[in-house]
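Chain and residue survey
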Amino acid sequence: MKFRYHFQKVVDLKSNEKTQAEWMLSTAIGKLQTEEEHLLQLLNDKKELIDVIQSATESSASVSSLQEMQRYVHHLDECISRKSSDVRHAEVNVQRNQTFLNGKMMDEKVWLGARDKAKIKFQQEMLLREQNDLDEMATVRFAAKAGRAN
């Protein structure tokens, strides 16, 4: 007789939900990394532009070109502010997905534990049946020998 867990489909469902939650977390982490990289690029662009403005100021650049570069710095500041907000949202999303995954992992663990307990109980019952069968065979042999001895 083979062990069959009546709730195996539930265990499979919980495993699939955990796998899906892992993919969601992985996607959220990828999005966060992309947002962080974009923010870093914007910060680097601003730093480079400030260096260019510094050099242009020292080399007596025209006021209009300095104003144009300053407007672009302001634009980069706005982009950095928006991207920083995007990064914060992505971080919250990662945390939300991590919490969701933790819940799915706990669900799966509970159901796997229940299945393992059911399997142990089944194995114990099978051992008990086998022992009872062996005891019964020994009793029958003993009774048969006793009957022949009389």
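The coordinates are above.
Okay, so let's go over this structure. From a predicted model like this one, the values you see are computed outputs, not experimental measurements.

**Quick notes on the overall build of the protein**
Across its full length, the protein holds 2 helices and 0 strands. Relative to a compact globule of 150 residues, whose C-alpha radius of gyration would be 15 Å, the protein shows 36 Å and is clearly more extended. Dimensions of the protein, computed from C-alpha atoms along their principal axes, come out at roughly 130 × 20 × 15 Å. Across the 150 residues that make up the protein, the buried fraction comes to 21%. Intrachain contacts of the protein at a sequence separation of at least 6 include 85% that bridge at least 24 residues.

**A short note on the nonpolar core**
Ranked by size, the top nonpolar core spans 18 residues in total, and within it Leu32, Leu42, Leu49, Ile53, Met69 and Val94 carry the most contacts. For this core, the secondary-structure elements that each account for two or more residues are helix H1 (8–58) and helix H2 (63–149). Beyond its immediate sequence surroundings of up to four residues, Leu32 is in contact with Val87, Ala90, Glu91 and Val94.

**Re the packing of aromatic side chains**
All told, the structure shown has 4 aromatic pairs when counted by the stated rule. Note on Phe3 and Phe122: the rings are 5.5 Å apart at their centroids and 55° apart in plane angle, and the pair reads as tilted. One end of the pair, Phe3, is in the segment before H1; the other, Phe122, is in helix H2, with 119 residues separating them in the sequence. Given the relative accessible area of 15%, Phe122 is considered buried. Members of the aromatic cluster, connected to one another through ring pairs, are Phe3, Tyr5, Phe7, Trp111 and Phe122.

**Comments concerning a negative patch on the surface**
A grouping of Glu130, Asp133, Asp135 and Glu136 is seen on the molecular surface, where their side chains present a negatively charged patch. Locating Glu130 in the fold gives a position in helix H2. Assessed through its relative accessible area of 45%, Glu130 is described here as partly exposed.

**Description of H1**
Helix length check: H1, at 51 residues, gives a terminal C-alpha distance of 75 Å against a target of 75 Å (1.5 Å per residue), a fit within 8%. A positive phi of about 60° marks Ser60, the residue just after H1.

**Describing the environment of Phe7**
Along the chain, the position of Phe7 falls in the segment before H1. Overall, the relative accessible area of 46% leaves Phe7 in the partly exposed class. When the C-alpha atoms of Phe7 and Ile50 are compared, they prove to be 65 Å apart, with 43 residues separating the residues in sequence.

**Quick word on unusual backbone geometry**
Positive phi values are uncommon outside glycine, yet Ser60 reaches one of about 60°. In this fold, Ser60 is placed in the loop between H1 and H2. Ser60 sits in the exposed class, given a relative accessible area of 65%.

**Remarks on the side chain of Asn97**
With respect to the helices and strands, Asn97 occurs in helix H2. For Asn97, a relative accessible area of 8% puts it in the buried group.

**Let's talk about the pattern of salt bridges**
Close approach of charged atoms allows side chains of opposite charge to pair. Considering all chains together, one arrives at 11 salt bridges under this definition. The partner of Lys18 in a salt bridge is Glu108, and the shortest N-O contact between them spans 3.2 Å. A residue pair is termed long-range when its members are at least 10 positions apart, and Lys18 in helix H1 and Glu108 in helix H2 qualify at 90 residues. Assessed through its relative accessible area of 12%, Glu108 is described here as buried. A salt bridge links Arg71 to Glu68; the shortest N-O distance between them is 2.6 Å. With Arg71 and Glu68 both in helix H2 and 3 residues apart, the pair spans about one turn of that helix. Classification of Arg71 by relative accessible area gives partly exposed; the value is 49%. Linked through salt bridges whose partners overlap, the residues forming this network are Lys14, Glu17, Lys104 and Asp107.

About the criteria used
- Each chain carries its own residue numbering, running from 1 in the direction its sequence is written.
- With the structure being a predicted model, the display of local features is reserved for residues of pLDDT at least 70 and the display and counting of side-chain atom pairs for 80 or more, all residues being used for whole-chain, interface and lining totals.
- As a rule here, side-chain values come from all non-hydrogen atoms in the structure, and water together with hydrogens is ignored.
- A run of DSSP states H or I qualifies as a helix once it reaches four residues; a run of E qualifies as a strand once it reaches two. Both are numbered from the N-terminal end.
- Every radius of gyration here is taken over C-alpha atoms, with the globule rule written as 2.2 Å times N^0.38, N being the number of residues.
- Throughout this description, buried means an accessible area under 20% of the type-specific maximum (1.4 Å probe, protein chains only), exposed means over 50%, and partly exposed covers the range between.
- Contacts are residue-level and defined by heavy atoms, with any inter-residue pair within 4.5 Å sufficient.
- Side-chain atoms within 4.5 Å link the members of a nonpolar core, which is a set of buried Ala, Val, Leu, Ile, Met, Phe, Trp, Tyr and Cys residues.
- Only the six-membered ring of Trp is used, alongside the rings of Phe and Tyr, when aromatic pairs are assigned; centres must lie within 6.5 Å, and planes under 30 degrees apart are stacked while those over 60 apart are edge-to-face, with the rest tilted.
- Residues enter patches when they are more than 30% accessible in relative terms and free of salt bridges; like-charged ones are connected within 9 Å and nonpolar ones (Val, Leu, Ile, Met, Phe, Trp, Tyr) within 5 Å.
- All accessibility values rest on the Shrake-Rupley procedure with a 1.4 Å probe; residue burial counts only the protein chains present in the view.
- Should a side-chain nitrogen of Lys or Arg be within 4 Å of a carboxyl oxygen of Asp or Glu, the pair is scored as a salt bridge.
- We treat Lys and Arg as the positive residues and Asp and Glu as the negative residues; His and chain ends play no part in the count.
- Each charge is placed at NZ for Lys, CZ for Arg, CG for Asp and CD for Glu.
- Here the expected span of a helix is defined as 1.5 Å times the quantity of residues minus one.

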